[in-house]
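One letter stands for each residue in the lines below.
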Amino acid sequence: MKRKKIWAFLTALCLTCTVGFGAAGEQPVKVSAADSLSEIQQKQQEIQKKLDEANANLSNLNKQIGQEEQKQEALDNQISLNQQKINLLQESISAMNADIDEKNDQIAQKEEEIADKELEIADTYEVFKQRMRAMYMAGENSSLEMLLSAESFSDFLTNAEMMKAISSHDQQLVDDLRTQKAAIEEEKAGIEEDKAAIEQRQQEIIIQRENIKATQSELEQAYAQSEDAMQDYDALKDQYENNRDAALAEEKAVEQELQNWYKTHSSSSSDGSTANSQFIWPLPGYSTISSPYGSRWGGFHTGMDITGGGVFGANIVAAASGTVIQATSHYSYGNYVIIDHGGGYSTLYAHASQLLVSIGDTVQQGDTIALVGSTGNSTGPHLHFEVRVNGQHQNPANYVHS
C-alpha cells in the first residue's frame, strides 16, 4: 500500500472548496434540495470536522508507520549483521575443530613414538641386565680367565678395555633412549598445551556465538511484533480509505445540493446582459494562475486561483453586471460573494479579506465587490473565482481572460 501518498491525498481534499466525509459507523449527512444555503454550509462544516479529525488520525498513523518502518529497517540490519557474526564464529569453531583433530593426531603419534621408545628401552635394558647377570654369575674367575687368556700384554689391555667398553656402551645406550623418550614426552606435552589453548578459545567463541544467537532471537521476536503492528496499521489504513470513499460520496451529494440551490436562486430568464464574451477579468492587474480549474491533489478544483506579488488587499471586481445573492463567510471559501447575472449564469469570488457588498445589491460590471485576502481554506492571498451555469461549475478560463 502507498502509505505516504494517503496523507497528501486526504490533506488535499481538505483544501478543495467543497468536501464531505462519513466516518466509519456514522450516518452520512442527509441532503435535501429544500435546504437553505446556510444549512448546506452547516452540513459542509460538519463534514469538515469529521475530515479534520480523520486527517489528524492519518497524520499520527503515518508518523507511527514511518517510525515502525525505520524500526524494522534497523532490526533487519542488526539481524543481518548478527547473522554474519554467527557465520564467522561458526567458521572459527569449525576451523578450531580441525586444529583440535590435528593436535589429537599429533598427540596419538607422539604417544605411539613414546610407546616404541619405551619398548626399545625395555629391550635394551633387558639385554644389558642379562649381560651383567651373566658376568656376575661368572664372577671374578671368568673375568680373570678372559684377561689371562691374552697371548700378549697388548691383548690383555685390549680385553680389559673391551669389558669396560661393553658395560659403558650398554649404559649409554639406555641413557640415550631415555633422553629421546623424554624429548618426545616434552613434545607431546607441548602439543597437549596447544590443544588445551585451542579448546579454551573455542569454548569462549561458542559462548560468544550462543550469546549472539540469544540476541538474534530477541531481535527476530521484536521484528515479528513490529510486523503484527504493521498489520494493525494496514487495517486502520483500510478503514481510513473507506472513510475517504464515504467522503467522496458525501462531497458529490453536497455538491449536487449546492447546484440545486444555485438553480433555484439564480435567474433562468436571459435579459441579454450576459454572454460568454461579456465577462471581464475579476482581478485587474494580476494574471498568475496558481491553481487552474480541474483535478487537484486527488480531488477536483471547481474554480481558478488568481494571485501575484502584492495581491493582498487588491480590488476584486464583478465579472459582469448582476445581483448579489450571497455575501457571507464559509469554512472553506472564507469570505465570499456570489453574483447572479441572469440567464442561468452566476460567479463566485472567495477568500476575500473584506466584503464590500451585501445580499440584494445590484452591481455593475467592473464594480469593486471585495478585497483579496486569505480567509477559509487558503495557503496564501489569492482570489478563488468560479463560473456556474445553471448551478454547474464550469472552467472559468472559457469565460474570462487576463
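Cut-off values and rules
Residues numbered from 1 in each chain as written. Predicted model: local features only at pLDDT ≥ 70, side-chain atom pairs only at ≥ 80, totals over all residues. Heavy atoms only, no water. Buried < 20%, exposed > 50% of the residue type's maximum accessible area, 1.4 Å probe, protein only. Helix = DSSP H or I, 4+ residues; strand = E, 2+ residues; numbered from the N terminus. Pairing = 2+ DSSP bridges. Core = buried A, V, L, I, M, F, W, Y, C linked by side-chain atoms within 4.5 Å. Contact = heavy atoms within 4.5 Å. Phe/Tyr/Trp six-rings, centres within 6.5 Å; stacked < 30°, edge-to-face > 60°. Salt bridge = Lys/Arg side-chain N within 4 Å of Asp/Glu carboxyl O.

Novice: Account for the pairing of strand S4 (residues 304-307), with residues named and values stated.
Specialist: In S4, alternate side chains face the same way, and those of Met304 and Ile306 on one face and Asp305 and Thr307 on the other are all buried. Two elements, S4 and strand S11 (residues 383-389), share three bridges in a ladder whose sense is antiparallel. Directly across from Met304, in S11, lies its bridge partner Phe385.

Novice: Describe in detail the nonpolar core, supporting the description with residues and values.
Specialist: Core analysis: the biggest nonpolar cluster contains 29 residues, and Leu283, Ile316, Ile339, Tyr349, Ile369 and Phe385 have the highest contact counts within it. Sorting the residues of this core by element identifies S4, strand S7 (334-342), strand S8 (345-355), strand S10 (368-372) and S11 as the ones contributing at least two each. Residue contributions to this core peak at four residues, all from S11. Once residues within four sequence positions are removed from consideration, Ile316 is found in contact with Pro282, Leu283, Tyr349, Ala352, Asp367, Thr368, Ile369, Ala370, Leu371, Val372 and Leu383. Grouped together as the second largest cluster of nonpolar side chains are 10 residues, Trp261, Ile338, Leu348 and Ala350 included.

Novice: Describe the packing of aromatic side chains, listing the residues and the values that go with them.
Specialist: This structure, assessed with the given rule, holds six aromatic pairs. Residues Phe279 and Tyr399 carry aromatic rings whose centres are separated by 5.9 Å and whose planes lie at 90° to one another, so their mutual orientation is edge-to-face. Linking Phe279 in the loop between helix H3 (153-265) and strand S1 (288-291) with Tyr399 in the segment after strand S12 (392-394), this pair joins segments that are 120 residues apart in sequence. Neither Phe279 nor Tyr399 differs from the other in exposure class; each is buried. For the pair Tyr293 and Phe300, a centre-to-centre distance of 5.1 Å together with 85° between the ring planes defines the contact as edge-to-face. Taking relative accessible area as the criterion, Tyr293 reaches 23% and is therefore assigned partly exposed. Cluster of aromatic residues (ring-pair linked, three or more members): Phe279, Tyr345 and Tyr399.

Novice: Account for the pattern of salt bridges, naming residues and giving values.
Specialist: One pass over the structure, following the stated rule, counts eight salt bridges. In this structure, the salt-bridge partner of Glu68 is Lys71, at a minimum N-O distance of 3.9 Å. One end of the pair, Glu68, and the other, Lys71, are both in helix H2 (residues 37-148), three residues apart, so they sit about a helical turn from each other. Residue classification places Glu68 among the buried residues on the basis of a relative accessible area of 11%.

Novice: So, unusual backbone geometry: which residues are in play, and what are the values?
Specialist: Phi is positive for His351, which is not a glycine, with a value near 70°. Mapped onto the fold, His351 is located in strand S8.

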